[in-house]
Amino acid sequence: MSKEEIEFIGKQVKDMYGTYIGKVIGTITDIDGSVQTVGVDCGSEGLKQIAFEQLVIQGQYVIFIPRWRLDAQRLLREKGLTMRRIRALMDIVSENDDMKEDAELIHEKYKMKLLTLDETERQIKEKLEKRLGELDGQLKSIRMLRFDAKLQNKSNEISDAKYDLVKTHTVEIIEHIEHEKAEITSIQRRINDLSVESGERIESPKQDVHSAAISYLGKVESPSPSQPTTPVSANLGVGTSIPTTPTPKPVAIGADGDEAPQDSDWLKRISSS
C-alpha cells in the first residue's frame, strides 16, 4: 500500500458537489496488498464499502466520484479513440492503395468495438436518466421542506432566525443538486454528439478517400463533405473556465492512475465548504 493510500484513512469524505458523506475508517485489501474497497462511516446510514477507484485525495478531504461519471468518462475516451483510429485507417488507405488488404484485417476489429461501445452507451444513458430522476425527486422533497418552514414561520411556530437557518441549508443542498444535474446534462450532450459523429464517419466517408477504402468501410450513395478531424476530448468538464491561479492536482488513489485532474469547479466548491 502506497503512502497516499495510507494517508487518506481518517479523512472526511465529500462528493464532487460538496455534500458531506462520512469518514474513511479503513480498507479491504486483496492478497497482494492492493486496496479493493474503502470503508466509509456514513453515520446513521452505517458503514459503506466504496470502490477504491471512486476516491481521490484533495487536500484534507477524500473526494467521492460517482460511478456514472467514471463510466461515462471511460466511454467517451474509448469511443473517441476508436473513431480516431477509423479516421486514421481511412487516411492510410487513401494515401496508399497497397495497404488496403492490411486495413481490411483490422477493420472488423474496430467495427466490433463500436458495436460493443454502442451497448455500453445505451446502459450509461439509462443510468444517467435514472440519476436525473433521483435528483428531481430530491429537489421536490427539499422544496417542500423549505415551503413548510416558511408556513411555520408565517404562523409564528418558528422564529425568523430558525427559518433563515432552514433556508440557508436547503439552498446549499439545492446548489449541489443543480451542479450534478448540469454535469449530467453536459455529459449526455457530449455522448449524443459523439454518437452522431460516429454514425456520420461510418456512413459518409470523406469524398477524397480512395474507392478501395469505401469498399470496406461501407458503401455510400452520396458521400457528404468531410467532417472535422479534431480529436474528441476525453475530459468530462462541465465547461468551466480555467482558473487564473494554479489549482493543486488531486492525487488519484484509484486504479486509473493516469486520469486527468478533475474539474476545477468542484475543487473550488470543496475548498470553500
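Residues numbered from 1 in each chain as written. Predicted model: local features only at pLDDT ≥ 70, side-chain atom pairs only at ≥ 80, totals over all residues. Heavy atoms only, no water.

### As for the overall build of the protein chain
- Assigned secondary structure in the protein chain consists of six helices and seven strands.
- Helices (α) and strands (β) of the protein chain occur, in sequence order from the N terminus, as α-β-β-β-β-β-β-α-α-α-α-β-α.
- Evaluated residue by residue, the protein chain yields a buried proportion of 37% over its 273 residues.
- In the protein chain, once contacts between residues fewer than 6 apart in sequence are set aside, the share between residues at least 24 apart is 64%.
- Carbon and sulfur atoms form 52% of the exposed surface of the protein chain, whose accessible area is close to 15700 Å². (Helix = DSSP H or I, 4+ residues; strand = E, 2+ residues; numbered from the N terminus. Buried < 20%, exposed > 50% of the residue type's maximum accessible area, 1.4 Å probe, protein only. Contact = heavy atoms within 4.5 Å. Areas by Shrake-Rupley, 256 points an atom, 1.4 Å probe, with all protein chains shown as cover.)

### A short note on the environment of Gly46
- Residue position: Gly46 is located in the loop between strand S3 (35-41) and strand S4 (47-51).
- On the basis of relative accessible area, Gly46 is assigned to the partly exposed category, the value being 25%.
- Along the primary structure Gly46 and Gly22 are separated by 24 residues, whereas in three dimensions their C-alpha atoms are 9.6 Å apart.

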